[in-house]
Amino acid sequence: MIRMNKRYEIELIGFDADDTLWENENIFHDAQKQISKVLENHNYNFNRELFNIEKKNLEYYGYGIKGFILSLIETSLKISNKKLDNQIIKEILDLGKKMLSKKVKVLPNIKTTLEALSKNYNLVLITKGDLLDQEKKIYSSELSKYFSYIEIVSHKNEKTYMKILEKYNIKPKNFLMIGNSLKSDVLPVTNIGGMSFYIPFELTWELEKVEVDQMSTNYVQLENISEILTRLKSLEI
Ligand SMILES: [Mg+2]
């Protein structure tokens, strides 16, 4: 009996940016810790309040540092019973500017992997967040030369990925997405019939956490980015 192997023909590879190509979540994590320390005398659980407020605010501000800063101010106002010291507002605003001017730290082995992949595949960078901030990070990472296309989007859901694939005339089954978020990079892509490599980062934002039944989804979890090339070869045999 001849066993037919499923053959994947990848024509386009998508990459997430934050916490896939460069560090991001730890910048938010450190900022949250700094402000929670300033307000630790109050009777609220700062992290839980911030989580709830950020979740509610996503529909107004979207993803990124600016929305985070507004949510930090709102949380601090709530925690202080609207008697927030102006000095704390100033500290939060300064923190936002510091976060926005932080130097991009590209993760290990990214350059060599992208260089190798870009010789054989078209690569598309798909990222969500503040437009200006994402553009700045892409520019200063010096990684844009490896990408054929760059897409900065507001949400990463099934509709977004379908739209991008239609734009570049790629069928979902010929698309591979690589990223650190199951919710944004993996599930919406496997749900439309694409393939995904999930590479978790050391920290995951609460709002990106999801429960998944891996048996029912078409993704492969990798330890690090260096595994991409060998995994890709084994997929295409
Ligand atoms: Mg990410």
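Above this text is the structure in question.
The sections below set out a description of the structure shown in this document. None of the values given here were measured: they were computed from a predicted structure.

The rules we used
- Residues numbered from 1 in each chain as written.
- Predicted model: local features only at pLDDT ≥ 70, side-chain atom pairs only at ≥ 80, totals over all residues.
- Heavy atoms only, no water.
- Salt bridge = Lys/Arg side-chain N within 4 Å of Asp/Glu carboxyl O.
- Helix = DSSP H or I, 4+ residues; strand = E, 2+ residues; numbered from the N terminus.
- Buried < 20%, exposed > 50% of the residue type's maximum accessible area, 1.4 Å probe, protein only.
- Axes fitted to C-alpha atoms, helices over the stretch in contact; angles between N-to-C directions.
- Parallel < 35°, antiparallel > 145°, perpendicular 65-115°, else oblique.
- Left-handed = near helix turned anticlockwise from the far one by under 90°.
- Contact = heavy atoms within 4.5 Å.
- 1 Å grid on protein atoms, 1.4 Å probe; cavity = no way out; pocket = protein on both sides within 12 Å on 5 of 7 lines; lining within 4 Å.
- Points joined across faces, edges and corners; volume = space filled by probe spheres on them.
- Nonpolar A, V, L, I, M, F, W, Y, C, P; charged D, E, K, R; others polar.
- Domains from an automatic or database assignment.

**A closer look at the pattern of salt bridges**
Per the stated rule, a full pass over the model turns up seven salt bridges. Its salt-bridge partner being Lys137, residue Asp133 comes within 3.7 Å of it at the nearest N-O pair. Remark: Lys137 and Asp133 occur in helix H6 (residues 131–141); sequence separation between them is four residues, near one turn of the helix. With respect to burial, Asp133 and Lys137 carry one shared label: buried. Here Glu151 makes a salt bridge to Lys167, at a shortest N to O gap of 2.7 Å. Of this pair, Glu151 sits in strand E3 (residues 149–153) while Lys167 sits in helix H7 (residues 158–167), and the two are 16 residues apart along the sequence.

**Re the packing of helix H1 (residues 25–38) against helix H2 (residues 46–61)**
Between H1 and H2, the least distance of the axes is 10 Å, while the angle of their chain directions is 125 degrees. It follows that H1 is oblique to H2 by the angle criterion. The two elements H1 and H2 meet at a crossing, and its hand is right-handed. In this structure, H1 contributes Gln32, Ile35 and Ser36 to the contact, and H2 contributes Phe46, Asn47 and Leu50.

**Digging into the layout of surface pockets**
One water molecule sets the probe size; rolling that probe over the atoms shows where empty space is left. Taken as a whole, the largest pocket encloses approximately 770 Å³ of empty space. Around the largest pocket, the lining comprises 41 residues; the ones closest to its centre are Glu25, Phe28, Trp205, Glu206 and Glu208. Those elements that place two or more of their residues in the lining of the largest pocket are H1, H2, helix H3 (65–79), strand E2 (122–128), H6 and helix H8 (182–191). In terms of residue class, the lining of the largest pocket is built from nine nonpolar, 17 polar and 15 charged. If you count residues domain by domain, the lining of the largest pocket takes at least three from each of domain 1 (12–23 + 105–235) and domain 2 (26–100). Reported here for the second largest pocket is a volume of approximately 370 Å³. In this structure, the second largest pocket is lined by 22 residues; those nearest its centre are Ile27, Lys98, Met99, Lys102 and Lys103. At the level of secondary structure, the elements contributing two or more residues to the lining of the second largest pocket comprise H1, helix H4 (86–100) and H6. Sorting elements by how many residues they give to the lining of the second largest pocket places H1 first, with five residues.

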